[in-house]
Amino acid sequence: IFDFIMRPLYDRLPEGSRLIYTEPTEAFMLKVKIALLAGLVIGAPLIVAQIWLFIAPGLYSHEKRFALPFILMASLFFVGGAAFNHYVLFPIAWIFLAGFSNDYMMFMPRIAPVFSLYAMLMLAMGLVFEMPAVILVLARMGLVTAGFLWRHIKYAILIIFVASAVITPTGDMVTQSLMAGPMVGLYIVSIGLAWIVGKRRRRAED
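Presented here is an overview of the structure given in this document. (Residues numbered from 1 in each chain as written. Predicted model: local features only at pLDDT ≥ 70, side-chain atom pairs only at ≥ 80, totals over all residues. Heavy atoms only, no water.)

### Here's the deal with the overall build of the protein
Turning to step 1, where the next piece is worked out: A count of helices and strands for the protein gives 9 helices and 0 strands.
Turning to step 2, where the next piece is worked out: Traced from its N-terminal end to its C-terminal end, the protein shows the element sequence α-α-α-α-α-α-α-α-α.
Turning to step 3, where the next piece is worked out: Dimensions of the protein, computed from the C-alpha atoms along their principal axes, are close to 70 × 35 × 20 Å.
Turning to step 4, where the next piece is worked out: For the protein, the residues scored as buried account for 39% of the 206 residues in total.
Turning to step 5, where the next piece is worked out: Partitioning the intrachain contacts of the protein with sequence separation of at least 6 by distance along the chain shows that 80% fall at a separation of at least 24.
Turning to step 6, where the next piece is worked out: Summing over all exposed atoms, the protein offers an accessible surface of approximately 12,300 Å²; the carbon and sulfur share of this is 70%. (Helix = DSSP H or I, 4+ residues; strand = E, 2+ residues; numbered from the N terminus. Buried < 20%, exposed > 50% of the residue type's maximum accessible area, 1.4 Å probe, protein only. Contact = heavy atoms within 4.5 Å. Areas by Shrake-Rupley, 256 points an atom, 1.4 Å probe, with all protein chains shown as cover.)

Here it is as structure tokens:
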């Protein structure tokens, strides 16, 4: 797992640069943090199941039938968000941030801040990718509709870009845009899911 995360970062460093550590325990604690992060990703289905068990007592019996689909969908989307961060978001952000080396400066990042940035972006994208699962549950409960989401899409896009600016730890426009793009796409997917749920609800009522 250590090699899976760190090797792509090392390969994208400018020529002559290396990942370094300056504290005696920094390299050891990095492996501990990687193990914790891997445990979080692997344990995502159980974590989502516990969240569902917390809210399930407040739901009707017909609403509780969405437990298994919600757990599976939320888990898949969380892993999808983590994969998007690893293969798309972080590599592009890393290349951008490492591209300021010149004759006066050499980029030699410490491993602890690098991994903290990677972990923060991964968790952020994992949570962002939960949007369709959350919207699906809210639509099934009748709290939101596709029409409501579509009418307020311009406000949603504005909120998405503001949230991306707040969530993005680097503060650069490249990372912000790369985070906001999937969020807008997921919002549109959520509108489609809400429309399907609303259509089925109207058929059942008829």
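### Examining helix H8 (residues 153–167)
Turning to step 1, where the next piece is worked out: In a regular helix each residue adds 1.5 Å, so 15 residues correspond to 21 Å; H8 covers 20 Å between its end C-alpha atoms and thus fits that length.
Turning to step 2, where the next piece is worked out: The complete set of buried residues in H8 reads Ile 153, Ala 156, Ile 160 and Ser 164. In a view along the axis of H8, the buried residues occupy a sector of 75°, so they form one face of it. Projecting away from the buried face of H8 at angles above 90 degrees are the exposed residues Lys 154, Leu 158, Ile 159 and Val 166. (Expected span 1.5 Å × (residues − 1). Arc of directions from axis to C-beta.)

### Some thoughts on the pattern of salt bridges
Turning to step 1, where the next piece is worked out: If you walk through the whole model with that rule in mind, you get 3 salt bridges.
Turning to step 2, where the next piece is worked out: Linking Arg 7 and Asp 3 is a salt bridge whose minimum nitrogen-to-oxygen distance equals 3.8 Å. In this pair, Arg 7 and Asp 3 are both assigned in helix H1 (residues 2–11), 4 residues apart and thus about one turn of the helix distant.
Turning to step 3, where the next piece is worked out: Here Arg 7 falls in the partly exposed class, since its relative accessible area comes to 41%. (Salt bridge = Lys/Arg side-chain N within 4 Å of Asp/Glu carboxyl O.)

### Some points on the packing of H1 against helix H2 (residues 26–42)
Turning to step 1, where the next piece is worked out: At their nearest, the axes of H1 and H2 sit 10 Å apart, and the two run at 115° to each other. Classified by the angle their axes make, H1 and H2 are roughly perpendicular. Taking contact as the criterion, the partners of Phe 2, Ile 5 and Met 6 in H1 are, on H2, Leu 30, Lys 31 and Ile 34.
Turning to step 2, where the next piece is worked out: Of the residues belonging to the contact of H1 with H2, the class tally is 5 nonpolar, no polar and 1 charged. (Axes fitted to C-alpha atoms, helices over the stretch in contact; angles between N-to-C directions. Parallel < 35°, antiparallel > 145°, perpendicular 65-115°, else oblique. Nonpolar A, V, L, I, M, F, W, Y, C, P; charged D, E, K, R; others polar.)

### Describing the nonpolar core
Turning to step 1, where the next piece is worked out: Formed by 56 residues in total, the largest nonpolar core has its most connected members in Phe 90, Phe 115 and Tyr 187.
Turning to step 2, where the next piece is worked out: Take this core: its biggest share by element is 11 residues, from helix H5 (residues 111–128).
Turning to step 3, where the next piece is worked out: Sequence-distant contacts of Phe 115, that is, excluding residues within four places in its chain, are made with Ile 5, Leu 30, Lys 33, Ile 34 and Leu 37. (Core = buried A, V, L, I, M, F, W, Y, C linked by side-chain atoms within 4.5 Å.)

### Observations concerning a positive patch on the surface
Turning to step 1, where the next piece is worked out: A contiguous patch of positive charge on the surface is contributed by Lys 199, Arg 200, Arg 202 and Arg 203.
Turning to step 2, where the next piece is worked out: When its relative accessible area of 57% is taken as the criterion, Arg 203 is described as exposed. (Patch = residues over 30% accessible without salt bridge, like charges linked within 9 Å, V, L, I, M, F, W, Y side chains within 5 Å. Lys, Arg positive; Asp, Glu negative; His and termini not counted. Charge placed at Lys NZ, Arg CZ, Asp CG, Glu CD.)

### With respect to empty space enclosed by the protein
Turning to step 1, where the next piece is worked out: For the structure shown, the criterion picks out 2 cavities of 30 Å³ or more.
Turning to step 2, where the next piece is worked out: In this model, the largest cavity occupies a volume close to 50 Å³.
Turning to step 3, where the next piece is worked out: Together, Ile 5, Pro 8, Leu 9, Arg 12, His 86, Phe 90, Pro 91 and Tyr 118 line the largest cavity.
Turning to step 4, where the next piece is worked out: Elements with a contribution of two residues or more to the lining of the largest cavity: H1 and helix H4 (67–97).
Turning to step 5, where the next piece is worked out: Residues belonging to the lining of the largest cavity are distributed by class as follows: 6 nonpolar, 1 polar and 1 charged. (1 Å grid on protein atoms, 1.4 Å probe; cavity = no way out; pocket = protein on both sides within 12 Å on 5 of 7 lines; lining within 4 Å. Points joined across faces, edges and corners; volume = space filled by probe spheres on them.)

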